[in-house]
Amino acid sequence: MKLSHYVNLLMKITFKATNDIGQEEKIMLKTTISGSLPKPFWLAEPEVLWAKWSIEEVTRLEEAKRDAVRLAISDQEQAGIDIVSDGEQSRQHFVHGILEKIEGIDFLNKQRIGIRNDRYKADCPTVISKVQRSGPIHLSEVNFARRQTKRDLKFTMPGPMTIVDTLADNHYGDRAELAMAFASILNLEAKELAEAGVNVIQFDEPAFNVYLDEVSTWGVEALNLAVEGVSCKTAVHVCYGYGIKANLDWKAGLGEIWDQYNKILPALASSNIDQVSLEFAGSRVPFEVIGLLEGKKDVLVGAIDVTTLEAETPDQVADVIRKSMEYVSPDKIYPCTNCGMVPLPREVSRDKLISLVKGAMIVRKEL
Ligand code: ZN
């Protein structure tokens, strides 16, 4: 057993509360975030996606990224978030960050393509030959983040379908086959990061909400391959996207009830993923979709809207949590943000983290 495992074990024991008759009691409604947090201005241009780094010199940029990770973790700890992430401070974009280190992808040959079923255009790198992992990709980032906190640590990576949907492909010519190739790479990476002491590995699959039929034909199969033999908890995050205009326009046209989850959650219920992260705050997703997971999965309940510039009140957060409790027991609920907060002002993001924790505390007291 590695040292990191002993440390994790020790922390788990320390953090467990003990009730009156000396039995261990599981802390319920642990809070977490879906992934990204805003970057400081000295690291990257604030409040935009795909923001350029503010520093060109490589060594200084690496130092700045690490300093930003310290701040991201510190902000979460100060707010009281239970399962923290590195805030995705080290990557420019949630998909392209990992791709930069995979062989077979040409970053100099970017093509402007429509992604998420042509919802918006993006300059995407091109697959030009068999994709391969030549060595560890995120290990040093994770080792660094692990040393910064005693709390449970989550690490996020894009899921296979979302990767495939954010790339131009000149080699495979088959999205399912390409997804499986990436799933194998993600699996190697996930196993290594779990060994390094990550407690939760989350795959981000916003594309699941777009290609509903493909989720059951190959999307879940690819996810299952990605998590095979991974020793920590695994999660999938399926959302309605960051608060950018293209997404807001898309959401506005989705009708009175957003029924995308209805079509994909039955497939996720029978997957090998432990946790499912869903968007509820400020959305038109009916809470009963949680029932489609049949109590088999932990639910990361999105109780913070990432498209608004004002923090929710703790009571609003508590209300979302209570509604979700009608469909799954509180030991399976993890109050969370709807999506990443990278495009938000830092102050807004910090206030939202605080409200998330306060809201969870309100409901915890009622249990
Ligand atoms: Zn998201």
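In this text the structure is predicted, and so the values were computed from the model without any measurement.

*Asks:* Sorry if this is basic, but what is going on with the overall build of the protein here?
*Replies:* Within the protein, the secondary structure is distributed over 11 helices and 12 strands. Since a compact globule built from 367 residues should have a radius of gyration of about 21 Å, the 19 Å found for the protein is in line with a globular shape. Seen through its C-alpha atoms, the protein measures out along the principal axes to roughly 60 × 45 × 40 Å. Scored against the burial criterion, the 367 residues of the protein give a buried share of 47%. Within the protein, contacts between residues separated by at least 24 positions form 77% of all contacts whose residues are at least 6 apart in sequence.

*Asks:* Would you mind going over the sheet that holds strand β6 (residues 152–158) with me for this structure?
*Replies:* Within a sheet, adjacent strands bond to each other through the backbone by hydrogen bonds, running parallel or antiparallel. If you trace the seven strands from one edge of the open sheet to the other, you get β3-β6-β8-β9-β10-β11-β12, paired in parallel fashion. Two strands bound the open sheet, and with one partner strand each, they are β3 (83–85) and β12 (333–337). This sheet shows a mean twist of 30° between the axes of neighbouring strands, independent of strand direction. As paired strands, strand β11 (residues 298–304) and β12 are joined by five bridges and run parallel to one another.

*Asks:* Just checking my understanding: could you explain the confidence of the model for the protein for this structure?
*Replies:* A low pLDDT score tells you not to read the predicted coordinates there in detail. Looking at the protein as a whole, the pLDDT averages 93, with 93% of positions reaching at least 70. In the model, residues 11–18 has pLDDT below 50 throughout and makes six contacts with residues more than four positions away in sequence or in other chains.

*Asks:* Please explain the nonpolar core as it appears in this structure.
*Replies:* If you look at the biggest cluster of nonpolar residues, it comprises 105 residues, and the most contacted ones within it are F182, V198, I201, V299, V301, A303 and I321. Ignoring anything within four residues of it in the chain, the contact list for I201 reads F155, A190, L193, A194, V230, C232 and T234.

*Asks:* What is the right way to look at the pairing of strand β10 (residues 275–279) in this model?
*Replies:* Put simply, side chains in a regular strand alternate between the two faces of the sheet. Extensive coverage of β10 is indicated by the burial of five of its five residues. Note that β10 and β11 share five bridges and pair parallel. Within the sheet, the bridge partner assigned to E279 lies in β11 and is G302.

*Asks:* What exactly am I supposed to notice about the pairing of strand β4 (residues 102–115) here?
*Replies:* Relative to strand β5 (residues 120–133), β4 runs antiparallel, the two being bridged by nine bridges. What sits directly across from I115, in β5, is Y120.

The rules behind the values
- Residues numbered from 1 in each chain as written.
- Predicted model: local features only at pLDDT ≥ 70, side-chain atom pairs only at ≥ 80, totals over all residues.
- Helix = DSSP H or I, 4+ residues; strand = E, 2+ residues; numbered from the N terminus.
- Rg over C-alpha atoms; globule rule 2.2 N^0.38 Å.
- Buried ≥ 20, exposed ≤ 12 C-beta atoms within 10 Å, placed from the backbone.
- Contact = placed C-beta atoms within 7 Å.
- Pairing = 2+ DSSP bridges.
- Axes fitted to C-alpha atoms, helices over the stretch in contact; angles between N-to-C directions.
- pLDDT = per-residue confidence, 0-100.
- Core = buried A, V, L, I, M, F, W, Y, C linked by C-beta atoms within 7 Å.

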